Amino acid sequence: MLIVPENRIAELMTPEDAFEAVESVFAAMARDEAYNFPVIREAIGHADALYGFKGGFDRAGAALGLKAGGYWPNNHERGIINHQSTIFLFDPDTGRVAAAVGGNYLTAARTAASSAVSIKHLSRPDSKVLGMIGAGHQAAFQMRAALRQRDFEKVIGWNLHPEMLSRLADIATEAGLPFEEVDLDRLGAEADVIISITSSFAPILKAAQVSPGTHIACMGTDTKGKQEVEPELLVRAAVFTDEVAQSVSIGEAQHAIASGLIEASAITPIGKVIAGAHPGRSSAEEITLFDGTGVALQDLAVASAVVERARAAGVATEVEI
Ligand code: NAD
């Protein structure tokens, strides 16, 4: 098997590669050529950690495997990031383990690619203001990936811990754009595209705060109980997701579903839009909402791309197992 260590991934994986891998696997899911297995995710009662496995099989891309790992909220005290994971790929013809790939950078890259794919396919082409809710580790990746999709002229941001917003201000400066800290009323009123990427367990953004025509990528809710927006927003919006089964159980839609505000049949897999089987946004006034829950196939797609590049660059270690 090949081992691709965490510290070599960033040099092997470009944001463009991640975008392409995620966009194409979402389309493969919509064509029923790729599917995810049920997610296992548990609070293990140690270090406040959430640990689990996400697996899947992409027949079209011949990618079989899983990501194991989760979220350790106190890791920053040890100087390491809160998300820790490793991706394992298996040979679909023999079942032999083919590769172990560091999953930390790839998780951020594939999650950023996911919201970026939603922005490309669902936001208004004339979107000018990007609104960020959240300013943690993932938010930086999210913001950089979003800025590649539209000609944004300004970034505005809100975070529960405002001192963290300097991270976003620095990225805006890097991109030559102004950045302004705003309250949630202004964020909802002014942003054309909103990304929420927090660890919140209660609604942050209210339905009435969002302007017509906005595209919202809800990216933080990937576990039962988490929540970033008021469920009524999912009634106002046309709702899209990476995978409906995850959206209704561990994604942002879990709350609107549980309270009977929407039905699962009202949620569209974004792969259908990518594959041309659904028109996506229906008007300039429609609010679109992408519930990005994070599926195993995203991890397998970016890990497979990295393994190819690592092999070509000679940076992977081959071990017998
Ligand atoms: P982080 O710990 O670096 O940052 C957490 C962010 O959430 C910060 O902005 C913080 O201020 C904010 N926050 C913390 N508690 C909050 C609360 N109670 N209310 C509102 N905001 C709060 O974490 P991160 O690595 O940036 O991850 C952020 C979230 O994204 C996590 O919930 C994580 O599980 C999720 N995530 C989702 C996917 C996916 O595919 N959908 C992938 C990776 C991470």
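Details of the structure are given in the entry above.
Structure report, in brief.

Rules behind the numbers
Residues numbered from 1 in each chain as written. Predicted model: local features only at pLDDT ≥ 70, side-chain atom pairs only at ≥ 80, totals over all residues. Heavy atoms only, no water. Near = heavy atom within 4 Å. Polar contact = N/O pair within 3.5 Å; in protein donor to acceptor, adjacent residues only side chain to side chain. Areas by Shrake-Rupley, 256 points an atom, 1.4 Å probe, with all protein chains shown as cover. Phe/Tyr/Trp six-rings, centres within 6.5 Å; stacked < 30°, edge-to-face > 60°. Buried < 20%, exposed > 50% of the residue type's maximum accessible area, 1.4 Å probe, protein only. Patch = residues over 30% accessible without salt bridge, like charges linked within 9 Å, V, L, I, M, F, W, Y side chains within 5 Å. Salt bridge = Lys/Arg side-chain N within 4 Å of Asp/Glu carboxyl O. Helix = DSSP H or I, 4+ residues; strand = E, 2+ residues; numbered from the N terminus. Pairing = 2+ DSSP bridges. Axes fitted to C-alpha atoms, helices over the stretch in contact; angles between N-to-C directions.

## Digging into the site of the ligand
Argument step 1. Of all residues adjacent to the ligand, which total 27 residues, the nearest are Arg110, Asn159, His161, Lys226 and Gly292.
Argument step 2. Between the ligand and Gln138, the relevant distance is 2.9 Å, taken from an oxygen atom to a main-chain nitrogen or oxygen of the residue.
Argument step 3. Contacts to the ligand include Met219, whose backbone N or O atom sits 2.8 Å from a nitrogen atom.
Argument step 4. Protein contacts shield 87% of the accessible area of the ligand, which totals 860 Å² for the unbound molecule.

## Let's talk about the packing of aromatic side chains
Argument step 1. In this structure the tally under the stated criterion is four aromatic pairs.
Argument step 2. Note on Tyr35 and Phe37: the rings are 5.4 Å apart at their centroids and 65° apart in plane angle, and the pair reads as edge-to-face.
Argument step 3. Given a relative accessible area of 31%, Phe37 falls into the partly exposed group.
Argument step 4. Taking the centre distance of 5.5 Å and the plane angle of 75° together, the rings of Tyr51 and Phe53 count as edge-to-face.
Argument step 5. With a relative accessible area of 37%, Phe53 lands in the partly exposed category.

## Here we look at a nonpolar patch on the surface
Argument step 1. On the surface, Ile40, Ile44, Tyr51 and Phe53 cluster together into a nonpolar patch covering about 340 Å² of accessible area.
Argument step 2. With respect to the element layout, Ile40 can be found in strand β3 (residues 40-43).

## A word on the sheet that holds strand β11 (residues 193-196)
The strands making up a sheet associate through hydrogen bonds between their backbones, and the pairing can be parallel or antiparallel.
Argument step 1. Overall, parallel pairing links the eight strands, which are arranged β10-β9-β8-β11-β13-β17-β15-β16 in an open sheet. Of all the strands in the sheet, the pair left with one neighbour each is β10 (179-181) and β16 (267-269). Across the sheet, the axes of successive neighbouring strands diverge by a mean angle of 20°, strand direction being ignored.
Argument step 2. Across four bridges, the pairing between strand β15 (residues 238-241) and strand β17 (residues 288-291) is parallel. Bridged to Ala238 within β17 is Thr288.

So far we have only geometry, and geometry alone does not tell us how the molecule works.
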